[in-house]
Amino acid sequence: MNRDKMDGFLNSVKLNELLHKQEEQEKKKSKLLWVCAIAGAIVAVAAIVYGVYRFFTPDYLEDFEDDFEDDFEDDFFDEEDEDE
């Protein structure tokens with residue numbers, strides 16, 4: 001009977017160790033999940049802010065290139081028309 005009690009005690013200790021390990025793994029997974037969720041939220045907010053910035057910021061370079069090309073083409077065609 002003494003041996004049965006000792007075996008039961010060892011089994012309960014092993015069971016407690018196993019349950020404790022599972023709890024630790026769940027805590028680690030939970031922490032990892034929170035870190036990933038926070039990082040994802042930060043990336044999403046940054047993408048939204050960048051998109052809004054690009055939408056509201058005028059593109060000055062495009063306007064400059066259009067003006068330059070228009071002036072150049074007008075001068076080029078005016079010279080051809082005068083020679084004929």
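Here's a quick rundown of the structure. (Residues numbered from 1 in each chain as written. Predicted model: local features only at pLDDT ≥ 70, side-chain atom pairs only at ≥ 80, totals over all residues. Heavy atoms only, no water.)

Digging into the overall build of the protein
If you tally the helices and strands in the protein, you get two helices and zero strands. By residue count, 0% of the 84 residues in the protein fall in the buried class. Put simply, the protein shows about 8600 Å² of open surface, and 61% of that area lies on carbon and sulfur atoms. (Helix = DSSP H or I, 4+ residues; strand = E, 2+ residues; numbered from the N terminus. Buried < 20%, exposed > 50% of the residue type's maximum accessible area, 1.4 Å probe, protein only. Areas by Shrake-Rupley, 256 points an atom, 1.4 Å probe, with all protein chains shown as cover.)

Observations concerning the packing of aromatic side chains
The way to describe two aromatic rings as a pair is by their centre distance and the angle between their planes. Under the definition given, this model contains one aromatic pair. Geometrically, the ring pair formed by Phe-55 and Phe-56 is edge-to-face, given 5.0 Å between the ring centres and 80° between the ring planes. (Phe/Tyr/Trp six-rings, centres within 6.5 Å; stacked < 30°, edge-to-face > 60°.)

Examining a nonpolar patch on the surface
Nonpolar side chains collect at one region of the surface, where Met-6, Phe-9, Leu-10 and Val-13 lie side by side and expose about 380 Å² of accessible area between them. Within the secondary structure, Phe-9 sits in helix H1 (residues 2-56). (Patch = residues over 30% accessible without salt bridge, like charges linked within 9 Å, V, L, I, M, F, W, Y side chains within 5 Å. Salt bridge = Lys/Arg side-chain N within 4 Å of Asp/Glu carboxyl O.)

By themselves, these observations are geometric and do not establish any function.
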